[in-house]
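Each chain, letter by letter, is given below.
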Amino acid sequence: MKPSIIDLSQHKEFNEYISKVNALSGEKKLYQYVYTFGCQMNVHESEMIQGILLKCGYEPTQNPESADVIMINTCCIREHAESKILGLLGTLSHFKAKKPELVIGICGCMTQQEEFAKKIKSKFHHVDIILGTNSSQKLPESLYRALTQQESKKRRTLYLDHEDMTICENTPILRAKGVCSWLTVMYGCNNFCTYCIVPYVRGRERSRTPEAILNDARLLVESGTKEITLLGQNVNSYGKELDYSFAKLIKELNKVDGLERIRFMTSHPKDISDELINAFGECDKLCEHLHLPLQSGSSDILSKMNRRYDMDTYRNIVKKLRNVRPDIELSTDLIVGFPGETDDDFKATLDAVNEMQYSFAFSFAYSPRKGTKAAVMEDQIPEPIKKERLNKLIDLQNSISQKISANYVGKTVEILSEGRVGADDEASPSNDPMRQVGRTRTNKKVYFTADNDTNGQLLQARITNSVSVTLGGELLK
Ligand code: SAH
Ligand code: SF4
Ligand code: F3S
């Protein structure tokens, strides 16, 4: 089934409500703040929420307490994400007590779960707007109602998306960074891995047209983008309903003048075609890094997870990739403590990590998600065992990551500069105005100092030191 497209630039209601909200504020300066939880898809979708709020007349602020509208873009992938969001909702009730005209909204994966959305509606009266995933076209209307209606019933909106097969095009976007940009190629997931909530909250797979994606890519490059990361829950199944392939899309993007680097995430091993593997050899802009979630090194557990590949298949993909692009670096996602995971199964994961030599891994303790098959499987693993396994896995991966980083020392690499590093940089905060950061093609951060702002430039750097997964370097003239 082909998705139906909602063009927001032509959407009558969407644009009328934007004008109405603007008319309400008049000359008054208003501010927005968006909290983001979850994956890169969510980070990018928050850029869209910010874009819509900017159209409504709300400028971004760094300080949530000075905001007039606050949105929380949620994630429900693990229990930990959910509890953080509930804690934040508590904090925001104090903000609202101090500033009753503040509008608070919540959206994204957690709210798309009907039970949770209803709980918010009945128990958290300081929340005015509740939107699920794929419902951004409702944001201006919801905001208008929150601002104009006195009666709680009309003021507070709850809107969940029940149409699986729609795509919004031309959503306004406020991009955080100009040089490296996210570009969504598809939405949803059809895979139903037994532990995962995503297919229930993000709906079925639907791909944007290649024309729309290529057009976006050209516009991004015109406005200064050098690197594009293609986004989707399962990007390499892109185009199935359009009779088009992901590898073909990469080859077309590789022809876009002025674009320097292409990345994508996340890909599912079962959908890695030979055509895509070969694209790593053919497309000079496709960077030599691939995030390829393994989840477990035990084929038994992979089967219970409904991953639809086994260790041999995975091994074979990696072998082919390294043949085509010997310098490719891999990263991965791993889960420990899936129901029924034995000591031997866990050991198989450690063995796989040793074998694959990932440059980086996101490792998680299995978290049961209501409504998924694994949540009701027998032999749930006790929390202390999950924790113990997770720590062992993290220790092993850290030692491998450090070794791979240390191998860079003394080498010369190409970096794409993302400019100055602020005091808020996660890996290496700095108050030195000349301290800057760039990324290698293998997606490693390199910190360096330079006399002028190098943002957006491709530079050659010699690596001088390594700390965990990040590198330090000096620029070559
Ligand atoms: N679509 C992507 C991943 C989406 S979620 C993919 O398939 O690769 C990101 C990661 O969260 C997953 O790869 C998995 O490792 C982890 N994850 C998902 N559900 C989880 C759960 N219930 N408990 C623990 N980790 C989970
Ligand atoms: Fe979840 Fe599996 Fe889909 Fe990834 S592929 S989003 S892990 S169901
Ligand atoms: Fe979380 Fe939704 Fe992404 S559940 S990981 S924000 S798809």
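Everything here concerns the structure above.
A brief structural summary. (Residues numbered from 1 in each chain as written. Chains lettered and ligands numbered in written order. Predicted model: local features only at pLDDT ≥ 70, side-chain atom pairs only at ≥ 80, totals over all residues. Heavy atoms only, no water.)

**Quick look at the pairing of strand β9 (residues 180–184)**
Let me state the cut-off plainly: For every residue, the accessible area obtained with a 1.4 Å probe (protein chains only) is divided by the maximum for its type, and the residue is called buried under 20%, exposed over 50%, and partly exposed between those limits. Under the DSSP-based scheme used, a helix requires at least four consecutive residues in state H or I and a strand at least two consecutive residues in state E, with every element numbered from the N terminus. At least two DSSP bridges between two strands are required for those strands to pair.
Counted residue by residue, β9 has four buried out of five residues, so it is predominantly covered. Pairing analysis gives five bridges linking β9 to strand β12 (residues 227–231), with the strands arranged parallel. Bridging across to β12, Thr 184 finds its partner in Leu 231.

**Focus: the sheet that holds strand β16 (residues 360–365)**
Worth spelling out the cut-off: Interaxial angle, 0 to 180 degrees, is taken between N-to-C directions of lines fitted to C-alpha atoms, where a helix line uses only the stretch in contact.
One open sheet accounts for three strands, arranged β14-β15-β16; its pairing is parallel. Looking at which strands have only one partner, the edges of the open sheet turn out to be β14 (289–291) and β16. Here the strands of the sheet are splayed against their neighbours by 10° on average, with no regard to which way each runs. Taken together, the six bridges between strand β15 (residues 329–336) and β16 define a ladder with parallel strand orientation. Residue pairing across strands places Val 336 opposite Ala 365, the latter belonging to β16.

**Remarks on the packing of aromatic side chains**
Cut-off, in case you're wondering: The criterion for an aromatic pair is that two Phe, Tyr or Trp rings (for Trp, the six-membered ring) have centres within 6.5 Å, with stacked assigned to planes under 30 degrees apart, edge-to-face to planes over 60 apart and tilted to the rest. Comment: the charge-over-ring label is applied if NZ (Lys) or CZ (Arg) is within 6 Å of the ring centre and within 35 degrees of the ring normal.
Counted according to the given criterion, the structure contains 11 aromatic pairs. Ring plane angle 35° and centroid distance 6.0 Å describe the contact between Tyr 309 and Tyr 314, whose orientation is recorded as tilted. Ring geometry for Phe 338 and Tyr 366: centres 5.5 Å apart, planes at 65°, overall edge-to-face. Of the two residues, Phe 338 sits in the loop between β15 and α14 (343–356) while Tyr 366 sits in the loop between β16 and α15 (383–406), which places them 28 residues apart along the sequence. Relative accessible area serves as the criterion here: at 0%, Phe 338 is assigned to the buried category. An aromatic cluster of three or more residues is present, and its members are Tyr 238, Tyr 244, Phe 246, Phe 264 and Phe 280. The lysine or arginine in question, Arg 78, covers the ring of Phe 364, its NZ or CZ lying 3.6 Å from the ring centre.

**With respect to the sheet that holds β9**
Definition in use: A contact between two residues is defined here by any heavy atoms of the two lying within 4.5 Å.
The strand order β9-β12-β13 describes an open sheet built from three strands, whose pairing is parallel. At either margin of the open sheet sits one strand with a lone partner, and together these are β9 and β13 (261–265). Direction aside, the axes of adjacent strands within the sheet are offset by 25° on average. Pairing of β12 with β13 involves five bridges; the strand directions are parallel. Looking at the pairing, Leu 230 lines up with Phe 264 of β13. This element, helix α9 (residues 210–222), spans β9 and β12 of the sheet and lies at about 165° to β9.

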